[in-house]
Structures are given as structure tokens and as C-alpha cells.
Amino acid sequence: MATIKQPTIRPTNKLTAATIAAAAVSVSGVFVRNVWPSWYDPQTWATLLPVAVFAAGYLVRDEANQ
């Protein structure tokens, strides 16, 4: 497999989207736990995190390597 040269140290769009999705789900979980505790279920939020990260990484279009 040939080595791919990355022109900068800037992360890819997919990685950035997945990281933002993880942060958004985590912050949303804290918000829901404090504002509506009856709606907070730890197992649901633990399952939602990887689903949101995968969806964001899958749906965001990345730029071609140069």
C-alpha cells in the first residue's frame, strides 16, 4: 500500500464532524440530565454517542487528498 502524504496537520472534515458530534451529544446529555432528569437514561445516551459519531462522519463530505 502506497504512503499517502497529508499536506497539512489540519484534521479531515470527517474527523472534525465526528468530534463535534461527540461533543454535542455529551453536552446534550448533561443538559437533559440536569433539566429533565426523568428523560435521561444512561444506556440510551451511551448508545446514542457512537451512532451520532458514525452518522456525522459518514454524512460529511471530505475533500480529496492533494
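These lines cover the structure that appears in this document, whether it is placed above or below. Being a predicted model, the structure only gives us computed values, none of them experimental. (Residues numbered from 1 in each chain as written. Predicted model: local features only at pLDDT ≥ 70, side-chain atom pairs only at ≥ 80, totals over all residues. Heavy atoms only, no water.)

## Looking at the overall build of the chain
As a reminder, the rule being used: Strands here are runs of E lasting at least two residues and helices are runs of H or I lasting at least four, both read from the DSSP assignment and numbered beginning at the N terminus. Per-residue accessibility, obtained with a 1.4 Å probe over protein chains only, is compared with the maximum for each type, and a residue is labelled buried under 20%, exposed over 50%, and partly exposed between these values. Under the convention used here, a 1.4 Å probe and the Shrake-Rupley method define accessible areas, while residue burial counts only the protein chains that appear.
Helices and strands together make up the secondary structure of the chain, namely 2 helices and 0 strands. The buried share of the chain, taken over its 66 residues, is 15%. Surface accessibility of the chain: about 5600 Å² in total, with carbon and sulfur atoms responsible for 67%.

## Re helix 2 (residues 42–59)
What counts here: For a helix, the expected span equals 1.5 Å multiplied by the residue count minus one.
Along its 18 residues, helix 2 runs 26 Å from first to last C-alpha, staying within 8% of the 26 Å computed at 1.5 Å per residue. Residues of helix 2 that are buried: W45, A52, A56 and G57.

## Regarding a nonpolar patch on the surface
Test applied: The patch calculation keeps residues exceeding 30% relative accessible area without a salt bridge and links them within 9 Å when they carry like charges or within 5 Å when they are nonpolar (Val, Leu, Ile, Met, Phe, Trp, Tyr). Salt bridges, as used here, are contacts in which a Lys or Arg side-chain nitrogen is within 4 Å of a carboxyl oxygen on Asp or Glu.
On the surface, a cluster of nonpolar side chains totalling about 510 Å² of accessible area is made up of F31, V35, W36 and W39. Judged by its relative accessible area of 41%, V35 is partly exposed.

## A few points about the packing of aromatic side chains
Definition in use: Two rings belonging to Phe, Tyr or Trp (six-membered ring only in the last case) form a pair when the distance between their centres is within 6.5 Å. Interplanar angles under 30 degrees mark stacking, angles over 60 mark edge-to-face geometry, and anything in between is tilted. Charge over a ring is defined by NZ of Lys or CZ of Arg lying within 6 Å of the ring centre and within 35 degrees of the ring normal.
The final tally for this structure, using the stated rule, is 3 aromatic pairs. Ring geometry for Y40 and W45: centres 6.2 Å apart, planes at 20°, overall stacked. Relative to Y58, the ring of F54 lies with its centre 5.8 Å away and its plane at 20°, an arrangement referred to as stacked. In this pair, F54 and Y58 both sit in helix 2, 4 residues apart, roughly one turn of the helix. Looking at F54, the relative accessible area reads 58%, which means it is exposed. Assessed through its relative accessible area of 60%, Y58 is described here as exposed. When the ring centre of Y40 is taken as origin, the NZ or CZ atom of R33, which lies over that ring, is 5.6 Å away.

## A look at helix 1 (residues 13–35)
Because an α-helix packs 3.6 residues into every turn, residues spaced three or four apart end up facing the same way. The line we're drawing: Throughout, a residue-residue contact means that at least one pair of heavy atoms, one from each residue, lies within 4.5 Å.
Relative to the 33 Å expected for 23 residues at 1.5 Å per residue, helix 1 spans 32 Å between its end C-alpha atoms, a close match to the ideal helical length. Residues of helix 1 that are buried: A17, A18, A21, V25, G29 and V32. Taken together, the buried residues of helix 1 touch helix 2.

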